[in-house]
Amino acid sequence: MDSRFPQTITAQTTLNNYVTDLVISNFSNKLFISVTQFGKIGSLVLVRRDVNLNEDSSPVYSIKSLLGKDQAEYHILARHLYERLQLKKQLLFGFALHSFAKKDLESIEEFICSNIKQINQ
Amino acid sequence: MNNSELVNNSSSTIDQPTITNGIKITEFSRRIADQSILYQIIRYPDRCLFIWIGTTSCDISNLAMTMPKLSSSSSSNEFLGTTLFGTDFYEQSLSLSKKVARRLGGQKQVFVSLNLPNDSDNEMLLGEIEQGLFEHIRQNEQVY
């Protein structure tokens, strides 16, 4: 029986004194990243890169809040992560975090980036 | 740090959960109507489930979510759920997320994504797929 599941990894660490869990699932059409300090998915956003019809070649990102508050800081976090990971597919990003301070978000991004290397995108 | 050890279990009888300190992943498959149907269940520590059901194409085309019941004394039997994205099979995903939430006593937030070939929209197949999931829950009651 063919059983090729979406490649999925989990990881756990402590960041800023909070236990932080991570799961990454590599679906064929989307990358699902969920990082949580509350033991649940929390807020969920979908990020995609749109085709830019102008010729200045600057990318245009579309960020849609699927669940949770529709706040600018959430959009910035999701978009920054998408750009940093240089994704070719849509990003389904779930997050439940204690702090959105710059240094805390940098730790979260480092945690994600250090683990995503295990995923064959 | 990667503390996961995925279990790709194609057996139709034994389902082994992956042991981690936090998020746990269970994968199993069922042969239904000549197709290999894959189930991936991500269990979060705090009453949250993410259930993906699909085929080896491994796509995620829709997502539905049902909330836990706010209070056990609530008189309503209706569960609050919604489709988060997608067009194909989104109604079936929403319906299944409510059924799983009800099966688990309304204690969990349940995400469901059902991803099947477009020509498989028949009730009998969907019924067998649901049956495969509920059978797994019944056999692994202690982890849910």
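To be clear, the structure that these remarks concern was listed above.
Residues numbered from 1 in each chain as written. Chains lettered and ligands numbered in written order. Predicted model: local features only at pLDDT ≥ 70, side-chain atom pairs only at ≥ 80, totals over all residues. Heavy atoms only, no water.

A. How the structure looks around the sheet that holds strand E5 (residues 81-86) of chain B. All names here are of chain B. Strands sit in the order E1-E2-E3-E6-E4-E5 across an open sheet of six strands; the sheet is mixed. Sheet topology places strand E1 (24-32) and E5 at the edges, where each strand pairs with a single neighbour. Neighbour to neighbour, the strand axes of the sheet diverge by 15° on average, direction disregarded. This element, helix H1 (residues 90-103), spans strand E3 (48-54), strand E4 (62-66), E5 and strand E6 (109-114) of the sheet and lies at about 30° to E4. (Pairing = 2+ DSSP bridges. Helix = DSSP H or I, 4+ residues; strand = E, 2+ residues; numbered from the N terminus. Axes fitted to C-alpha atoms, helices over the stretch in contact; angles between N-to-C directions. Contact = heavy atoms within 4.5 Å.)

B. Highlighting the pattern of salt bridges. This model, assessed by the stated rule, comprises eleven salt bridges over all chains. For Glu110 of chain A, the salt bridge is made with Arg84 of chain A, and the minimal N-O distance between the two is 2.6 Å. Here Glu110 of chain A, found in helix H2 (residues 102-116), pairs with Arg84 of chain A, found in helix H1 (residues 72-85); they are 26 residues apart in sequence, far enough to count as distant. Owing to a relative accessible area of 37%, Arg84 of chain A belongs among the partly exposed residues under this scheme. A cluster of three or more residues bridged by salt bridges with shared partners is formed by Lys40 of chain A together with Asp46 and Arg47 of chain B. (Salt bridge = Lys/Arg side-chain N within 4 Å of Asp/Glu carboxyl O. Buried < 20%, exposed > 50% of the residue type's maximum accessible area, 1.4 Å probe, protein only.)

C. View of the side chain of Ser113 of chain B. All names here are of chain B. Among the structural elements, Ser113 can be located in strand E6. Only 2.9 Å separates the side chain of Ser113 from the side chain of Asn115, close enough to count as a polar contact. Sequence-distant contacts of Ser113, defined by excluding residues within four places in its chain, comprise Ile51, Trp52, Ile53, Ile60, Ser61, Asn62, Leu63 and Ser93. (Polar contact = N/O pair within 3.5 Å; in protein donor to acceptor, adjacent residues only side chain to side chain.)

D. Quick look at unusual backbone geometry. Residue and element names in this part refer to chain B. Although it is not a glycine, Ala33 adopts a positive phi angle of roughly 50°. By the element assignment, Ala33 lies in the loop between E1 and strand E2 (35-44). A positive phi angle, near 65°, is found at Asp34, a position not held by glycine. Here Asp34 is to be found in the loop between E1 and E2. For Asp34, a relative accessible area of 67% puts it in the exposed group.

E. Inspection of the interface of chain B and chain A at higher detail. At the junction of the two partners, chain B supplies 41 residues and chain A supplies 33 residues. Taken together, the two surfaces of chain B and chain A that pack against each other cover about 3,200 Å², and 63% of this comes from carbon and sulfur. One can count one salt bridge joining chain B with chain A. Between chain B and chain A we count twelve residue pairs in polar contact (both at pLDDT 80 or more) in total. The set of elements that each furnish at least two residues to the side of chain B that touches chain A consists of E1, E2, E3, E4, E5 and E6 of chain B. Of the residues belonging to the side of chain B that touches chain A, the class tally is 20 nonpolar, 15 polar and six charged. (Buried area = accessible area lost by both parts, 1.4 Å probe. Nonpolar A, V, L, I, M, F, W, Y, C, P; charged D, E, K, R; others polar.)

F. Spotlight on the nonpolar core. Ile33, Val35 and Phe93 of chain A are the most contacted members of the largest nonpolar core, which has 29 residues in total. Elements represented by at least two residues in this core include exactly strand E1 (7-15), strand E2 (18-26), strand E3 (30-36), strand E4 (43-50), H1, strand E6 (90-96) and H2 of chain A. Not counting the four nearest positions on each side in its chain, Ile33 of chain A is found in contact with Leu22, Val23, Ile24, Leu81, Leu85, Leu91, Leu92, Phe93, Gly94, Ile112 and Ile116 of chain A. Core analysis: the next-biggest nonpolar cluster, separate from the first, contains 25 residues, Leu66 of chain A together with Leu38, Tyr44 and Phe111 of chain B among them. (Core = buried A, V, L, I, M, F, W, Y, C linked by side-chain atoms within 4.5 Å.)

G. Quick look at the packing of aromatic side chains. All names here are of chain B. One pass over the structure, following the stated rule, counts nine aromatic pairs over all chains. Consider the rings of Phe28 and Tyr39, whose centres lie 4.5 Å apart with planes at 5°: the pair is stacked. Of this pair, Phe28 sits in strand E1 while Tyr39 sits in strand E2, and the two are eleven residues apart along the sequence. A relative accessible area of 0% places Phe28 in the buried class. (Phe/Tyr/Trp six-rings, centres within 6.5 Å; stacked < 30°, edge-to-face > 60°.)

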